[in-house]
Each structure stands twice: as C-alpha cells, then as structure tokens.
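Next come the chains, spelled out residue by residue.
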Amino acid sequence: METTKTTQAVSSPATSGERSFEGYTMNGFLALFIILALILAVGGWLILSIIAEDSVPCVISSLLLVCLLFCAKGFVQQEPNEARVMMFFGKYKGTFKSVGFYWMNPFINTKRLSLRSRNIDAEPIKVNDKQGNPVMIGHVLVWRLKDTYKAMFEIDSQTMARNTASVGTDVNSIMSAFENFVKIQSDAALRQVAGLYSYDNNESSDEVMLRGGGDIINKQLEERLDERLNMAGIEIVEARINYLAYAPEIAAVMLRRQQADAIIAAREKIVEGAVSMVKMALDRLSSEQVVELDDDKKASMVSNLLVVLCGDDSAQPVVNTGSLNM
C-alpha cells in the first residue's frame with residue numbers, strides 16, 4: 001500500500017488595505033443618556049446597600065458602577081476630514097470616518113488622523129544639476145493622507161519623529177511625524193529631479209532646463225514624490241519649485257558669464273543693424289547719383305559709418321571744407 005503525503009503550503013495573509021469600520025456604533029447623545037441613567041440607578045442602589053449594611057449588593061453595585069464609568073471611554077467626537085484607525089487588541093478593524101458624536105466598544109483602541117491637506121514650504125537645499133554645477137533649489141508642496149492603513153502600519157511613525165522622544169497619541173503629534181517623513185522624502189525626490197536637468201542651456205543643448213522647465217519639471221517632481229510616498233498612503237496634491245539660483249560659491253562667476261552673453265547678443269544686434277544701415281546708405285547714394293564713389297572711398301565710408309554706429313561713445317564730426325580727395 002503506497003502512502004502519499006501532501007504538504008499544504010502555508011501562505012502568509014495578504015496585506016489588507018484600508019476598509020470601513022463595520023463594528024457597532026451608537027448615537028453619542030443616546031448612549032450618554034443611557035449611561036447617566038444607569039449610573040444614577042446603580043449609585044442609588046449602592047447608597048441603599050451601604051445604609052442597609054448589605055455587603056453583597058454593595059460589592060455588586062460597586063462593580064457595576066466601575067463598569068459604567070469604563071463604558072464612558074467609548075465616546076468619540078469626530079470632525080469633518082478626520083479619521084480614526086480602529087484596533088481591537090492589536091487587530092485592525094477598519095477606519096471610522098463618520099462625522100459627529102458616537103459611542104462604540106470601549107475596548108477598541110483608536111488613533112485619530114487628519115485627512116486635511118497640509119502645506120510644506122521647504123528651505124532651499126544645495127544640489128548638483130546635470131552638468132555638476134551646484135545650485136540652490138527650494139520647493140513647496142501640498143499633501144494629505146489617502147490610505148490610513150498604509151499610513152499607520154506600513155511605516156514606523158517612531159522613526160519619522162523629529163527627535164528621540166516618542167510620538168504621542170494626539171493627532172498633532174502623529175501628523176507632525178508624517179510631515180517630517182514627507183519633508184525627508186521630498187528633499188530626496190528634489191535632488192533626483194534636479195540631477196536630470198541643467199540649470200540653463202549655456203552648457204547643454206537640452207530643450208528642458210531647470211530655469212525654464214516650468215510645468216514639466218513640476219510634473220516630474222510630483223511623479224517622483226508619488227512613487228516615494230505611495231508606501232505611506234500619502235497623496236501629493238501639488239508640488240512645484242519656488243526657488244532656484246546658483247550656489248553662492250559660483251554665483252558671481254555665473255553672473256559675469258550671463259552678462260558677457262548679454263553683451264555679445266547686444267553687439268550682434270548692433271552690428272546687424274549697422275551693416276543694414278551702411279548698405280542702405282550706399283544703395284541710396286548710388287541709385288540717386290548723389291556722388292560717385294570708387295572702392296577706396298566706399299571702404300572708407302563703410303569704416304567711418306561702422307565706427308559711428310557701433311561705437312559706445314558719441315562720434316565727433318569733422319567738417320571737410322575742401323574736396324573729397326583731401
């Protein structure tokens with residue numbers, strides 16, 4: 001008789017995402033009325049038991065009173081664009097997003113999160129562009145929590161804290177930890193994007209550059225941030241560069257280079273206009289037969305006109321009282 005053994009692979013459960021809380025909840029005002037009424041009734045029973053010196057009812061009523069006071073822990077108040085991550089002895093039970101005043105199982109531990117948009121105006125950081133030039137670049141971004149499960153269980157909020165102190169349970173402390181996480185990841189994404197493009201097109205023939213990229217650069221930054229922050233359940237609403245300049249150690253040199261480029265461009269325009277004006281003068285003199293000029297006189301006239309038109313200083317006229325050959 002042949003015996004076959006079958007082994008069943010035990011696979012770890014798949015990571016579940018955010019889901020709505022489906023546990024029992026009650027209107028908070030109704031629950032408050034019921035608990036207060038029970039507390040008054042049990043408290044009266046306790047007083048009567050003490051007066052009658054009956055130990056058994058006294059103990060029972062005392063225990064009931066403690067239980068009723070513990071039930072008051074189940075009251076929660078939630079504002080719009082807030083959420084609570086519900087955990088029952090370490091097990092994720094869902095995310096509660098209903099707005100209002102409610103009562104729920106007091107044994108459920110809740111962590112309150114804000115789903116509102118938050119703004120970060122990061123200080124400029126020094127990065128190297130595609131050509132290796134150090135530049136100062138800053139950015140501003142708007143973000144918000146999208147997936148509360150990933151935000152609470154996929155990353156460790158303790159490592160996101162600004163200091164070694166533990167992260168508290170209040171919403172401001174938790175969201176500050178997330179804000180620090182977003183800031184660190186946004187700096188890394190900004191360095192990555194800045195390294196793909198040149199500051200300007202003086203040293204590169206690329207069509208897209210940091211100084212004039214505009215929406216293209218901002219779109220790249222948003223995509224890089226979404227890739228990095230998706231694991232934390234964070235959504236980027238908007239990201240854009242708001243500061244861009246050369247680093248101080250090369251700013252003076254780059255300014256002189258930009259000034260030289262501007263002077264060259266202006267000179268080219270001036271020379272182009274001067275040549276056009278000289279040609280027009282020679283053509284008019286020839287067509288209207290004002291004077292007959294040989295090649296030497298034309299060359300001399302062109303030289304004088306170019307000096308006058310292209311010079312920085314005003315020309316001093318010289319009046320010729322003799323013939324043209326003088």
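Everything that follows concerns the structure shown earlier in this document.
Residues numbered from 1 in each chain as written. Predicted model: local features only at pLDDT ≥ 70, side-chain atom pairs only at ≥ 80, totals over all residues. Heavy atoms only, no water.

### Some details on the overall build of the chain
Piece 1. In terms of regular secondary structure, the chain is built from eight helices and 10 strands.
Piece 2. With 326 residues in all, the chain has 30% of them scored as buried.
Piece 3. Long-range pairs, those at least 24 residues apart, make up 67% of the contacts in the chain between residues at least 6 apart in sequence.
Piece 4. Taken as a whole, the chain presents about 21100 Å² of accessible surface, with 56% of it coming from carbon and sulfur. (Helix = DSSP H or I, 4+ residues; strand = E, 2+ residues; numbered from the N terminus. Buried < 20%, exposed > 50% of the residue type's maximum accessible area, 1.4 Å probe, protein only. Contact = heavy atoms within 4.5 Å. Areas by Shrake-Rupley, 256 points an atom, 1.4 Å probe, with all protein chains shown as cover.)

### Some points on a nonpolar patch on the surface
Piece 1. A contiguous nonpolar surface patch, about 380 Å² in accessible area, is contributed by Leu 30, Phe 33, Ile 34 and Leu 38.
Piece 2. Relative to the elements of secondary structure, Phe 33 occurs in helix α1 (residues 28-52). (Patch = residues over 30% accessible without salt bridge, like charges linked within 9 Å, V, L, I, M, F, W, Y side chains within 5 Å. Salt bridge = Lys/Arg side-chain N within 4 Å of Asp/Glu carboxyl O.)

### Here's the deal with unusual backbone geometry
Piece 1. One non-glycine residue, Asn 81, lies in the positive phi region at around 60°.
Piece 2. Assessed through its relative accessible area of 49%, Asn 81 is described here as partly exposed.

### Things to note about the sheet that holds strand β2 (residues 75-78)
Piece 1. Spatially, β1-β5-β2 is the arrangement adopted by the three strands of the open sheet, whose pairing is antiparallel. Across the chains shown, the open sheet's two edge strands, defined by having one partner strand only, are β1 (25-27) and β2. Strand-to-strand, the axes of this sheet are offset by a mean angle of 40°, without reference to chain direction.
Piece 2. In this structure, β2 lies alongside strand β5 (residues 100-104), joined through four bridges in antiparallel fashion. Residue pairing for β5: Phe 75 is matched across the bridge by Trp 103.
Piece 3. Along the sheet face, α1 touches β1, β2 and β5 and points at about 85° away from the line of β1. (Pairing = 2+ DSSP bridges. Axes fitted to C-alpha atoms, helices over the stretch in contact; angles between N-to-C directions.)

### Some thoughts on the nonpolar core
Piece 1. Counting 41 residues, the largest nonpolar core has Leu 113, Leu 141, Trp 143, Leu 145, Phe 178, Leu 225 and Ile 234 as its most contacted members.
Piece 2. If you list the elements that add at least two residues to this core, you get β3 (82-88), β8 (125-128), β9 (134-145), α3 (148-153), α5 (171-194), α6 (215-229) and β10 (234-246).
Piece 3. Looking at this core, the element that brings in the most residues is α5, giving 10 residues.
Piece 4. One finds Phe 21, Val 76, Phe 96 and Met 104 within the second-largest nonpolar core, a separate group that totals six residues. (Core = buried A, V, L, I, M, F, W, Y, C linked by side-chain atoms within 4.5 Å.)

### Concerning the sheet that holds β3
Paired through backbone hydrogen bonds, the strands of a sheet run either parallel or antiparallel to each other.
Piece 1. Taken together, the three strands give an open sheet; going across it, the order is β4-β3-β6, and neighbouring strands pair in antiparallel fashion. This sheet does not close on itself; its edge strands, each paired only once, are β4 (91-96) and β6 (108-114). Strand-to-strand, the axes of this sheet are offset by a mean angle of 25°, without reference to chain direction.
Piece 2. The pairing of β3 with β4 spans five bridges and is antiparallel. Within the sheet, the bridge partner assigned to Val 85 lies in β4 and is Thr 95.

### What about α1?
Piece 1. Over its 25 residues, α1 runs 36 Å from end to end, which matches the ideal 36 Å to within 8%, given 1.5 Å per residue.
Piece 2. Every buried residue of α1 is accounted for by Gly 28, Ala 31, Ile 35, Val 42, Gly 43, Leu 46 and Ser 49.
Piece 3. Taken together, the buried residues of α1 touch β1, α2 (55-71), β2 and β5.
Piece 4. Sitting at the amino-terminal end of α1 is Asn 27, which places a side-chain oxygen 3.0 Å from the backbone nitrogen of Phe 29.
Piece 5. Trailing α1 by a residue or two, Glu 53 shows a phi angle of about 55°, which is positive. (Expected span 1.5 Å × (residues − 1). Polar contact = N/O pair within 3.5 Å; in protein donor to acceptor, adjacent residues only side chain to side chain.)

### Brief notes about the packing of aromatic side chains
Piece 1. Applying the stated criterion across every chain yields a total of 11 aromatic pairs.
Piece 2. Seen in terms of ring centroids, Phe 70 and Phe 107 are 5.1 Å apart; in terms of plane orientation they differ by 55°. Their pairing is tilted. Of the two residues, Phe 70 is situated in helix α2 and Phe 107 in the loop between β5 and β6; the sequence distance between them amounts to 37 residues.
Piece 3. According to the relative accessible area criterion, Phe 70 is partly exposed, its value standing at 33%.
Piece 4. Residue classification places Phe 107 among the partly exposed positions, given a relative accessible area of 47%.
Piece 5. Between Tyr 149 and Phe 153, the ring centres sit 5.1 Å apart and the planes meet at 55°, which makes this aromatic pair tilted. Of this pair, Tyr 149 and Phe 153 both sit in helix α3, four residues apart, which is roughly one turn of the helix.
Piece 6. Phe 153 sits in the partly exposed class, given a relative accessible area of 34%.
Piece 7. Through a chain of ring-to-ring contacts, three or more aromatic side chains come together here, namely Phe 70, Phe 88, Phe 89 and Phe 107. (Phe/Tyr/Trp six-rings, centres within 6.5 Å; stacked < 30°, edge-to-face > 60°.)

### Remarks on the pattern of salt bridges
Piece 1. With the rule as written, the count across this model stands at seven salt bridges.
Piece 2. One salt bridge in this structure joins Glu 179 and Arg 118, with 3.9 Å as the shortest N-O distance. Residue Glu 179 is located in helix α5, and its partner Arg 118 is located in strand β7 (residues 118-121); the two are separated by 61 residues in the primary sequence.
Piece 3. Overall, the relative accessible area of 22% leaves Glu 179 in the partly exposed class.

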